[in-house]
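Reading the structure
So the chains spell out like this:
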Amino acid sequence: ARDIKEQLIELCKRVEIDYGDETLSVAEDDMFSNVRKAITSGFFYNTAKMQKNGSYKTLKNAHTVHVHPSSFLFHTQPKWVIYHELVFTSKEFMREVIEIKSEWLL
């Protein structure tokens, strides 16, 4: 954990972000939208949109994918998601999934 913190501090210094500014650590709302927006900006290629049949289509390659059953969002089924990785078992599943808003992609 210490190594990760040091890496983040060095990255902030490199792009001239004042990592000591406490206002940068404030959650925007109860859903941590500012964190989800940041993840969206970095992982926008891993966006998927829900289809009428309950599956998702990736925006990059139009693959049909599903939320992994171990995910908290498995029963929620949000309209737009960002995923970290795809795993193929019986179907192609998205793992480490967060809900996003489509306007964050613009």
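The coordinates are above.
So, here's what we can say about the structure. Everything numeric here is computed off the predicted structure, so don't read it as measured data.

**Some points on the pairing of strand 3 (residues 64–67)**
Going residue by residue along strand 3, you find Val 65 and Val 67 tucked away on one face and Thr 64 and His 66 left uncovered on the opposite face. Where strand 2 (residues 56–58) hands over to strand 3, the hairpin turn is made up of five residues, of which Ala 62 adopts a positive phi near 55 degrees. Where strand 3 meets strand 5 (residues 92–99), two bridges bridge the pair, whose relative direction is parallel. Paired with His 66 across the bridge in strand 5 is Phe 93.

**Quick notes on the sheet that holds strand 3**
Taken in spatial order, the five strands line up as 1-2-3-5-4 and close into a barrel, and their pairing is mixed. For this sheet the average axis-to-axis angle between neighbouring strands, irrespective of direction, equals 50 degrees. Sitting on the sheet, helix 2 (residues 33–43) touches strand 1 (47–50), strand 4 (80–88) and strand 5, and the angle it makes with strand 4 is about 55 degrees.

**Some remarks on the environment of Val 15**
Mapping Val 15 onto the fold places it in the loop between helix 1 (2–14) and helix 2. Classification of Val 15 by relative accessible area gives exposed; the value is 55%. C-alpha of Val 15 to C-alpha of Glu 85: the two residues are 70 residues apart in sequence and 27 Å apart in space.

**Topic: the pairing of strand 5**
Note that strand 4 and strand 5 share seven bridges and pair antiparallel. For Val 87, the partnering residue across the bridge sits in strand 5 and is Phe 93. Here strand 4 folds back onto strand 5, and the loop between the two strands holds three residues.

**A short note on helix 2**
Every buried residue of helix 2 is listed here: Ser 33, Arg 36 and Thr 40. Taken end-on, helix 2 shows its buried residues confined to a sector of 60 degrees, consistent with a single buried face. Away from its buried face, by an angle of more than 90 degrees, helix 2 presents the exposed residues Ser 41 and Gly 42. Next to the buried residues of helix 2 lie strand 4 and strand 5.

Cut-offs used in this document
Residues numbered from 1 in each chain as written. Predicted model: local features only at pLDDT ≥ 70, side-chain atom pairs only at ≥ 80, totals over all residues. Heavy atoms only, no water. Buried < 20%, exposed > 50% of the residue type's maximum accessible area, 1.4 Å probe, protein only. Helix = DSSP H or I, 4+ residues; strand = E, 2+ residues; numbered from the N terminus. Pairing = 2+ DSSP bridges. Axes fitted to C-alpha atoms, helices over the stretch in contact; angles between N-to-C directions. Contact = heavy atoms within 4.5 Å. Arc of directions from axis to C-beta.

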